[in-house]
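# Chains, contacts and geometry: an overview
One letter stands for each residue in the lines below.
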Amino acid sequence: MSKKILFFFPENPFSNRAGNVTRAKTTLAILKKLGHSIDLVGVKHIYKDMQDTNDFDEKIIDNLFFISPRPPKKKTTIEYWKYKILKAYKKPSSSNQSLTDFTKKEFRDIFNKKKYDVLIINYEFWAGLLDPNSMKNCLKIVDTHDWITLNEFYKNKSLDVGRRFNEEINNLSKFDKIVTISNEEFFVFKSFLGDRVVNIPPSFPKNFIDENREKQYDLIFTGSDNPFNIEGIQWFLKNVLPLLSETIKICIVGRVCKHVPDYRNITKIIFAEDLSSYYTQSRIAICPMIKGTGIKIKVVEALSYKLPVVGTERAVDGFSSKLDNGCLVNNDPEIFKDYIIALLQDRAYYETMRNRAEDYFKNNFSENKTLKLWNDIIN
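Overview of the structure. (Residues numbered from 1 in each chain as written. Predicted model: local features only at pLDDT ≥ 70, side-chain atom pairs only at ≥ 80, totals over all residues. Heavy atoms only, no water.)

## What about the sheet that holds strand E12 (residues 309–311)?
The strands making up a sheet associate through hydrogen bonds between their backbones, and the pairing can be parallel or antiparallel. As a reminder of what qualifies: The pairing criterion for strands is at least two bridges between them, as found by DSSP. Secondary structure elements follow DSSP: runs of H or I of four or more residues count as helices, runs of E of two or more count as strands, with numbering from the N terminus. Axes here mean lines fitted to C-alpha atoms, for a helix over just the part in contact, with angles spanning 0 to 180 degrees between N-to-C directions.
Strand order in this open sheet of six strands is E10-E9-E8-E11-E12-E13, and the pairing throughout is parallel. In the strand order of this sheet, the two ends are held by strand E10 (266–269) and strand E13 (327–329), each with one partner. This sheet shows a mean twist of 25° between the axes of neighbouring strands, independent of strand direction. One ladder, built from four bridges, connects strand E8 (residues 217–222) with strand E9 (residues 250–253); its direction is parallel. Note on E9: the bridge partner recorded for isoleucine 220 is cysteine 251.

## Here we look at the pattern of salt bridges
Operational definition: Salt bridges are defined as contacts in which a side-chain nitrogen from Lys or Arg sits within 4 Å of a carboxyl oxygen from Asp or Glu. Residue burial is assigned from relative accessible area. The probe radius is 1.4 Å, only protein chains are included, and a residue is buried under 20% of its type maximum, exposed over 50%, and partly exposed in between.
Counted by the stated rule, this structure contains 24 salt bridges. The partner of aspartate 317 in a salt bridge is lysine 296, with the nearest N and O atoms 3.3 Å apart. Linking aspartate 317 in the loop between E12 and E13 with lysine 296 in the loop between strand E11 (282–287) and helix H10 (297–304), this pair joins segments that are 21 residues apart in sequence. Looking at lysine 296, the relative accessible area reads 7%, which means it is buried. The salt bridge involving arginine 314 is made with aspartate 317; its shortest N-O contact spans 2.6 Å. Here the residues in one salt-bridge network are Glu124, Glu152, Arg163, Arg164 and Glu167, joined through shared partners.

## Digging into the pairing of strand E5 (residues 139–143)
Across the five residues of E5, five count as buried, placing the element largely inside the fold. Neither face of E5 is open: one carries Leu139, Ile141 and Asp143, the other Lys140 and Val142, and all of them are buried. In the sheet, strand E4 (residues 118–122) pairs with E5 via five bridges, with the strands oriented parallel. Among the inter-strand pairings, leucine 119 is bridged to a residue of E5, identified as lysine 140. The pairing of E5 with strand E6 (residues 177–180) spans three bridges and is parallel. Each bridged residue has a counterpart across the sheet, and for aspartate 143 the counterpart in E6 is valine 179.

## Section: the nonpolar core
Spelled out, the test is: Residues belong to one nonpolar core when they are buried, are Ala, Val, Leu, Ile, Met, Phe, Trp, Tyr or Cys, and are joined through side-chain atoms within 4.5 Å. Here a residue-residue contact requires only that any non-hydrogen atoms of the pair lie within 4.5 Å.
Ranked by size, the top nonpolar core spans 59 residues in total, and within it Leu219, Phe236, Ile252, Leu303, Phe319 and Ile340 carry the most contacts. No other element matches helix H8 (residues 227–239), which puts six residues into this core. In contact with leucine 303, other than residues within four places in its own chain, are Phe208, Val309, Phe319, Asn325, Gly326, Cys327, Ala357, Tyr360, Phe361 and Phe365. One finds Ile110, Phe111, Leu119 and Phe189 within the second-largest nonpolar core, a separate group that totals 56 residues.

## Quick word on the sheet that holds E6
As summarised here, the arrangement of the seven strands in space is E3-E2-E1-E4-E5-E6-E7, forming an open sheet in which the pairing is parallel. For this open sheet the edge positions go to strand E3 (63–67) and strand E7 (197–199), each flanked by a neighbour on one side alone. Across the sheet, the mean angle separating the axes of adjacent strands is 20° when strand polarity is ignored. By the bridge criterion, four bridges tie strand E1 (residues 4–8) to E4 in an arrangement that is parallel. Bridging across to E4, phenylalanine 8 finds its partner in isoleucine 121. Helix H1 (residues 19–33) contacts E1, strand E2 (37–43), E4, E5 and E6 of the sheet and is inclined by roughly 180° relative to E1.

Structure below.
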């Protein structure tokens, strides 16, 4: 049965910029395949800050709406002065400065025009958009994407972890269903919130490539310019790259390129509309992440192309199995280098790892499995 879904995601999920937007776009595509009608809501100033366009796939999304933390600067309007007065006496959420009373009103007005059957909010710290009165009869779902308390702790060691985690659990408790994408987060949240928590790993279509084709790159890394990607690629450049031959060709795709110096054997692509051409031209994906929480979307996407992955231990966060998954992981630069060399020089070993990548992807991240899980939640 077709449902009317209101899907909130602050950035443009069609920007192809980072793993989080890729996750949102694939979820939208799954929901459309299930036959639902979908309206999308974004945050106006976040689109602007991220330099996102207003473009969206009309085959997936029916309408795009925007909300803002403050009204237009027109001093003759009641909304403007109401906002100014409330701002003087009421502070916004410490975890989300964009979540003001004006933001909530705009979102509530959008919802009330259609009275949607299903409301999906991405990220726990936007839970304040929920209105207990007008939205009480719809199915309320939060897609967590990450364990936000731990993510914020990595960025700020002085964080009051107890207070923030209590806030996170309280926010999640406002929803009928809580979606996680990582096994670790699933077990943590389920301990506090019970059967409302459902684990839906990220999914991609199968893109298994013909290995007989000639490759342009030996290694590929994809990433936005978030702090974890920057730290990870800089660790690789400092500790692993000097151990590798300059004949090894590397492709780096994404805004993380802004933080990569020029090297003779590294090709930098700041933006790619479609990553498939780069994955199909590469032999191995790398994920040298030092920090970060949750499943790394870049790793799942690489596995969807049957690419072996060489990474640090963080590369397989959230995986149900840390072994036999197509990934070779170690935090020692020498061993990291040895894994790369072994895959490039030993054809039989490389094929074994490719087959493990294919099997693990099909068993854990297939689109059919994700379709069933979302269908069970909504229906």
